[in-house]
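Residue-level structural notes
If you want the building blocks of each chain, they are given just below.
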Amino acid sequence: FNVVLDARLRTDGDNVLRERAATVLRGLGTVDGRLSVSEAPDQGAIDAQTWIFAGQRTLEQPAGADPRNQQAARTLARAASGFISVDATDARLHAVPARRAGRHLGTVVVGASLAPYESTASSALLGSVILGLLVLAAIAALSLWLIGRALRPVVQITAQAADWEEHDLSRRFYAGEPHDELSSLASVFDGLISRLAQSLRHEQQLTAEISHELRTPLAKILAEAELATSRDRSSQ
């Protein structure tokens, strides 16, 4: 936006110079085949800088013109046409040839300050930077809110898992059909817990069966040991 605006402002400034030069050309005439000023350019206008050259002679020039602009105007007059920017004075000059009957009789050079255009461009740049920062801040705040809202189920799952006891395998994270990534993850965890609970139940059942099977032999061994001990005591 700022690049386009800057280019547009430069184009508008050049168009203003072209119109001003065309106005000055309409006020020129000829006397004995030489260029003359029929109507003096309006040097009293704001930021009006107009030079009229007839060969090496200067027919008109702005009062109190900066010497650097003066030198740039003479240089541009020798080229007879075109634009030139004077960075030292922040000015832009435009030259057009003055022709009559196909003869080149002189050159009109008009100038204008670039300060208003640069001020507009700077204000637009500052405004766009501020607007960009505000938009970035709003996007960051919205992103944090959306991320926090999206991860809220993960936080709840983590809190539930931390609150459960080691053998509290009857509880589940999610009940129902999965409808998004987080519910699918909770369902996977629930399936894992179900398999762990089933393995634990098998382990407990196997332990109970082994204990039952070993109870009678151990009782016999214990009875025989007590009988042998009592016999030893009797023989003594």
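This structure is a prediction, so every number in the text was calculated from the model and none was measured.

**Side note on the pattern of salt bridges**
- Taken as a whole, this structure holds 4 salt bridges when the rule is applied.
- A salt bridge links Arg10 to Asp6; the nearest nitrogen and oxygen atoms lie 3.2 Å apart. Linking Arg10 with Asp6, this pair stays in helix α1 (residues 2-26), spanning 4 residues, or about one helical turn.
- With a relative accessible area of 30%, Asp6 lands in the partly exposed category.
- With a closest N to O distance of 2.7 Å, Asp14 and Arg92 form a salt bridge. Remark: Arg92 occurs in strand β6 (residues 91-100) and Asp14 occurs in helix α1; sequence separation between them is 78 residues.

**Quick look at the packing of α1 against helix α3 (residues 115-163)**
- At a minimum axis distance of 10 Å, the contact between α1 and α3 shows a crossing angle of 165°. In this view, α1 runs roughly antiparallel relative to α3, as classed from their interaxial angle. Of the two elements, α1 crosses α3, and the hand of that crossing is right-handed. Contacts between α1 and α3 involve Asn2, Leu5, Asp6, Leu9, Asp12, Gly13 and Val16 from the former and Tyr117, Thr120, Ala121, Ala124, Leu125 and Ser128 from the latter.
- For the contact of α1 with α3, the class distribution of residues is 7 nonpolar, 4 polar and 2 charged.

**Observations concerning the side chain of Gln49**
- Tracing the backbone through its elements, the reader meets Gln49 in strand β3 (residues 49-54).
- Side chain to side chain, Gln49 and Asn69 meet in a polar contact 3.3 Å long.

**Let's talk about empty space enclosed by the protein**
- A full pass over the atoms with the stated rule returns 1 cavity of 30 Å³ or more.
- Approximately 30 Å³ is the volume attributed to the largest cavity.
- Every residue along the wall of the largest cavity is listed here: Gly13, Asp14, Leu17, Arg92, Ala112, Leu114 and Tyr117.
- Broken down by element, the lining of the largest cavity gets its largest block of residues, 3 residues, from α1.
- Here the lining of the largest cavity is built from residues that sort into 4 nonpolar, 1 polar and 2 charged.

**Observations regarding the pairing of strand β1 (residues 28-31)**
- Sheet topology note: the β1/strand β2 (residues 34-37) ladder contains 4 bridges and is antiparallel. Residue Thr30 lies in a different strand from β2, and its bridge partner there is Leu35.
- Between the antiparallel neighbours β1 and β2 lie 2 residues, among them Asp32 with a positive phi of about 55°.

**Quick word on the sheet that holds β3**
- Within the open sheet, the 5 strands sit side by side as β4-β3-β7-β6-β5. Their pairing is antiparallel. Single-partner strands in this sheet number two, and they are β4 (57-60) and β5 (82-86). Geometrically, the sheet is characterised by an average inter-axis angle of 25° between neighbouring strands, direction not taken into account.
- Relative to strand β7 (residues 103-113), β6 is paired through 10 bridges, and the arrangement is antiparallel. Directly across from Arg99, in β7, lies its bridge partner His104.
- Contacts from α1 reach β3, β5, β6 and β7, with the element oriented near 35° to β6.

Cut-offs applied
Residues numbered from 1 in each chain as written. Predicted model: local features only at pLDDT ≥ 70, side-chain atom pairs only at ≥ 80, totals over all residues. Heavy atoms only, no water. Salt bridge = Lys/Arg side-chain N within 4 Å of Asp/Glu carboxyl O. Helix = DSSP H or I, 4+ residues; strand = E, 2+ residues; numbered from the N terminus. Buried < 20%, exposed > 50% of the residue type's maximum accessible area, 1.4 Å probe, protein only. Axes fitted to C-alpha atoms, helices over the stretch in contact; angles between N-to-C directions. Parallel < 35°, antiparallel > 145°, perpendicular 65-115°, else oblique. Left-handed = near helix turned anticlockwise from the far one by under 90°. Contact = heavy atoms within 4.5 Å. Nonpolar A, V, L, I, M, F, W, Y, C, P; charged D, E, K, R; others polar. Polar contact = N/O pair within 3.5 Å; in protein donor to acceptor, adjacent residues only side chain to side chain. 1 Å grid on protein atoms, 1.4 Å probe; cavity = no way out; pocket = protein on both sides within 12 Å on 5 of 7 lines; lining within 4 Å. Points joined across faces, edges and corners; volume = space filled by probe spheres on them. Pairing = 2+ DSSP bridges.

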